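Summary of structural features
Listed below, chain by chain, are the residues.
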Amino acid sequence: PHPATGGGFFFCPGGGFYIWGGGGGGGAGVGNPQASGGQINRLRFESDNLTFTGDSWRGTKVRLTNDPFSPPEMELRADWATFRNLSPLQDEIVAKRPRLVFDGWLSIPLLKERVILDRTERDPSLIRFGYDGGDRGGLYAESTVDVRASERFQLTLMPQFFIQKSLLGDAGNFSDLFGLKAKLNATLTPTTTFQGSAVFNTMNLGEVDTKLRSRFSLNQKLGTHNLAAEYSYRDRIFNGSLGYKTVHQNAGIVLTSSPVVLGNTGIQLSYNGSIQHIEADTDRLDLLEVVRENNRTDLNRFQATAALSRGFFLWKGTTLPATATEGMRYSSSPVLPYVQMFGGLTGVASAYSNGDTQNFLSGSIGIQGQFGHFSRNWLDYTAFQLMVARIWNSGASPFLFDRLADVKVLAAAVTQQLYGPVRLGLQAAYNLDTKERISTDFILEYQRRTYGISIRYNPEKELGAITLRLSDFNWVGGGQPFSP
């Protein structure tokens, strides 16, 4: 997140949901202002022979798809499969020789025969590839293992293998080629939850203190507010032109409001307050010992934030019919052309226990929209966003991770259909004072109605990812056979 704007600069045209078998994922973004998170609402199923026993079944020559149209763009096929209900939120499918079949001919075998369909939030991917030039030495791969003690407690383990580090021989020893991410979610009461995460960038236990990053949060709902007791260790934060900064330790409480609409104005108000004890890097010599092992200092920070935001449409077009050859040829829902203005004000007041203060008011205004319907073969989709932010500030933080470095920012993004389902995207943010590029994302997308693949790389952050999206649908009917 950019500390001056109070949020990240994001751009997600075209919509879609990063889910499989339920679970949330996605929200309104540029190009799909009415999108919302959800679960797989409808599945079509075919089998040569189906036997029911109580709340379970067994089928042969099984075919399953999320596509409302025939022939399906994507199917899960298996020689045989069994289904049984595990709990109100979980179902189990065990399949023999399962495989994903795209467009009726491209078959990709799945590496595991047991799949849990879960209505709680889950990671959809079997295996993911990413790029992290900082902690992981470049290209890496990870997979997900879910361990559930009960419906209220869920532990997710994500073992990682550092591919590029192994090929270049950059690891100090064999254990440095492996990492692990762990997430714990617990529902203690209907209004109390606990969330924890830990990232081990080595399996060498002797280096855990310098390779571990973790964050824990105990959350309590108080009406329309959330009170959280938080702790983080070696949290990595991107602070614009200053780059990544590590907050060695941070402990405190944070009170956050839900967005409130002010009357009939359409203006949204949100606010939060926090008291935290922070240990992080500083360049202030008066806060450092003469003889020292690092440049960290620890201080208390008292902070209050309030934000106002408003958006309104300048123009709305019309969508094409929701058919396989028109409005839903390359997207999971018909694309609505539109142009929208948006703006916001954010005020932040920070006081530190050494007597320093950092206060600022940030104003932003922008325009976003999309043209075309993403239905024809050539150049039938263009999405854009342009935003300018200006900050008026007084004082400066003694820490580097939250110090204001970019007071005049221009952010822009564009996504363009090239041919068929192929789209190219660019997102960039610039410091208008120094003419320095803050962040740039290059994105290549292959978008279909039922699925999508995107490749993203950010040279400033040295981060990249390959993402597979499976679309969410909610439709009635669909009794037609898969094949003619």
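Residues numbered from 1 in each chain as written. Predicted model: local features only at pLDDT ≥ 70, side-chain atom pairs only at ≥ 80, totals over all residues. Heavy atoms only, no water.

Regarding the overall build of the protein chain
Each helix and strand in the protein chain was counted, giving two helices and 28 strands. Evaluated residue by residue, the protein chain yields a buried proportion of 42% over its 484 residues. The contacts of the protein chain with a sequence gap of at least 6 include a subset with a gap of at least 24, amounting to 50%. Here the protein chain has roughly 24,200 Å² of accessible surface; of this, 60% comes from carbon and sulfur atoms. (Helix = DSSP H or I, 4+ residues; strand = E, 2+ residues; numbered from the N terminus. Buried < 20%, exposed > 50% of the residue type's maximum accessible area, 1.4 Å probe, protein only. Contact = heavy atoms within 4.5 Å. Areas by Shrake-Rupley, 256 points an atom, 1.4 Å probe, with all protein chains shown as cover.)

Comments concerning the environment of L262
Of note, L262 is situated in the loop between β18 (260-261) and β19 (268-281). Of the residues examined, L262 reaches a relative accessible area of 34% and is grouped as partly exposed. For the pair L262 and L308, spaced 46 residues apart in sequence, the C-alpha to C-alpha distance is 9.6 Å. Aside from chain neighbours lying at most four places away, what touches L262 is I267, L269 and L308.

A word on unusual backbone geometry
Note on backbone geometry: most residues besides glycine have negative phi, and most peptide bonds are trans. For the peptide bond that leads from S70 to P71, omega is -5 degrees, which places it in the cis range. Checked against the element boundaries, P71 lands in the loop between β3 (56-65) and β4 (74-87). In this structure, K435 is a non-glycine residue whose phi angle is positive, near 60 degrees. Looking at the element boundaries, K435 is found in the loop between β25 (422-431) and β26 (436-447).

Concerning the nonpolar core
Residues F238, F342, M387, A389, V409, A411, A429 and I438 constitute the largest nonpolar core, which totals eight residues. Secondary-structure elements contributing two or more residues to this core are β23 (381-395) and β24 (408-419). Apart from the residues lying within four places of it in its own chain, the contact partners of F342 are R310, G311, S364, I365, G366, I367, Q368, Q385, L386 and M387. (Core = buried A, V, L, I, M, F, W, Y, C linked by side-chain atoms within 4.5 Å.)

Structural notes on the pattern of salt bridges
All told, the structure shown has 26 salt bridges when counted by the stated rule. Across the pair R77 and E75 runs a salt bridge whose closest N-O atoms are separated by 3.1 Å. Taking the relative accessible area as the measure of exposure, E75 reaches 3% and is therefore buried. Measuring nitrogen to oxygen at the nearest pair gives 3.7 Å for the salt bridge that ties D79 to R99. Pair noted here: D79 is in strand β4 and R99 is in strand β6 (residues 99-102), with a separation of 20 residues, a long-range link. Sharing partners across several salt bridges, the network here consists of D67, E73, D103, R448 and R449. (Salt bridge = Lys/Arg side-chain N within 4 Å of Asp/Glu carboxyl O.)

Here's the deal with the side chain of N431
Positionally, N431 belongs in strand β25. Overall, N431 belongs to the buried group, its relative accessible area being 3%. Excluding residues that lie within four positions of it along the chain, N431 makes contacts with S241, A405, D406, K408, E436 and I438.

Quick notes on the side chain of Q417
Here Q417 shows up in strand β24. Overall, the relative accessible area of 0% leaves Q417 in the buried class. Among the polar contacts listed, one links the side chain of Q417 to the backbone oxygen of R376, at a separation of 2.9 Å. There is a polar contact of 2.5 Å between the side chain of Q417 and the backbone nitrogen of D380. When neighbours within four sequence positions are excluded, Q417 is seen to be in contact with Y330, F374, R376, N377, W378, L379, D380, Y381, V422 and R423. (Polar contact = N/O pair within 3.5 Å; in protein donor to acceptor, adjacent residues only side chain to side chain.)

Examining the environment of E279
You can see E279 is positioned in strand β19. When the C-alpha atoms of E279 and Y233 are compared, they prove to be 9.5 Å apart, with 46 residues separating the residues in sequence. Filtering out sequence-adjacent residues up to four positions away, E279 remains in contact with V247, H248, Q249, R296, T297 and D298. Of note is the side chain of E279, whose polar atom sits 3.1 Å from the side chain of R296.

Focus on the packing of aromatic side chains
Evaluated as defined, the whole model comprises 17 aromatic pairs. Centre to centre, the rings of W57 and F83 are 5.5 Å apart; their planes meet at 5 degrees, and the pair counts as stacked. One end of the pair, W57, is in strand β3; the other, F83, is in strand β4, with 26 residues separating them in the sequence. F83 carries the same exposure label as W57, and that label is buried. Ring centres 5.4 Å apart and planes at 45 degrees place the aromatic pair Y330 and F374 in the tilted group. (Phe/Tyr/Trp six-rings, centres within 6.5 Å; stacked < 30°, edge-to-face > 60°.)

Focus on the pairing of β25
Of the strand pairs in this sheet, β24 and β25 are connected by ten bridges, and their pairing is antiparallel. Along β25, the bridge assignment pairs A413 with Q427. Connecting β24 to the next strand, β25, in antiparallel fashion are two residues, including G420 with a positive phi near 60 degrees. Across ten bridges, the pairing between β25 and β26 is antiparallel. (Pairing = 2+ DSSP bridges.)

Some words on the pairing of strand β13 (residues 178-189)
With nine bridges connecting them, strand β12 (residues 153-161) and β13 associate as antiparallel partners. Within β13, the residue paired with F153 across the bridge is A186. The pairing of β13 with strand β14 (residues 192-200) spans nine bridges and is antiparallel. Across the sheet, the residue bridging to L184 is G196, located in β14.

Here we look at the confidence of the model for the protein chain
Predicted confidence across the protein chain gives a mean pLDDT of 84, with 86% of residues reaching 70 or more. Mean pLDDT values for the elements of the protein chain range from 69 in strand β8 (residues 114-118) up to 97 in β19. Every residue in residues 1-38 scores below 50 in pLDDT, and together they form 115 contacts with partners more than four places removed in sequence or on other chains. (pLDDT = per-residue confidence, 0-100.)

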